[in-house]
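# Residue-level structural notes
So the chains spell out like this:
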Amino acid sequence: MTLQDIQSQILKLSTQDKWQLVQTLLNAIQKDTTNPKTTLEKTYPLRGLPITISEDFDDPMPELWEALTE
């Protein structure tokens, strides 16, 4: 069944049933968008991973400065 078929069937419902469907859909959408676990996974995929810094992170790089002067 396509979305268009579903929409066509929904339009045939009574007003009371349409409102009930709207409320059900709104609740489902709200649950999907406010679930902290889902939100964090989608928004912050690196959260919780350990941070490691290389031993030579702040060592001088004379070759870089030489390349810039050329």
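What counts as what
Residues numbered from 1 in each chain as written. Predicted model: local features only at pLDDT ≥ 70, side-chain atom pairs only at ≥ 80, totals over all residues. Heavy atoms only, no water. Helix = DSSP H or I, 4+ residues; strand = E, 2+ residues; numbered from the N terminus. Buried < 20%, exposed > 50% of the residue type's maximum accessible area, 1.4 Å probe, protein only. Areas by Shrake-Rupley, 256 points an atom, 1.4 Å probe, with all protein chains shown as cover. Patch = residues over 30% accessible without salt bridge, like charges linked within 9 Å, V, L, I, M, F, W, Y side chains within 5 Å. Salt bridge = Lys/Arg side-chain N within 4 Å of Asp/Glu carboxyl O. Lys, Arg positive; Asp, Glu negative; His and termini not counted. Charge placed at Lys NZ, Arg CZ, Asp CG, Glu CD. pLDDT = per-residue confidence, 0-100.

## Observations regarding the overall build of the protein
- Regarding its fold elements, the protein presents four helices and zero strands.
- Along the chain direction, N to C, the helices and strands of the protein fall in the order α-α-α-α.
- Every one of the 70 residues in the protein was classed for burial, and the buried ones make up 0%.
- Total accessible area computed for the protein in this model is approximately 7200 Å², and 60% of it derives from carbon and sulfur atoms.

## Notes on a negative patch on the surface
- Taken together, the side chains of Glu 55, Asp 56, Asp 58 and Asp 59 make up a negatively charged region of the molecular surface.
- Along the chain, Asp 56 falls in the loop between α3 (36-43) and α4 (62-69).

## A short note on a nonpolar patch on the surface
- Side chains of Met 61, Leu 64, Trp 65 and Leu 68 sit close together on the surface and give an oily, nonpolar patch of about 460 Å² of accessible area.
- For Leu 68, the location among the structural elements is in helix α4.

## Some words on the confidence of the model for the protein
- Of the residues in the protein, 89% have a pLDDT of 70 or more, and the chain-wide mean is 86.
- Mean pLDDT across the elements of the protein ranges from a minimum in α3, with 60, to a maximum in helix α1 (residues 3-11), with 94.

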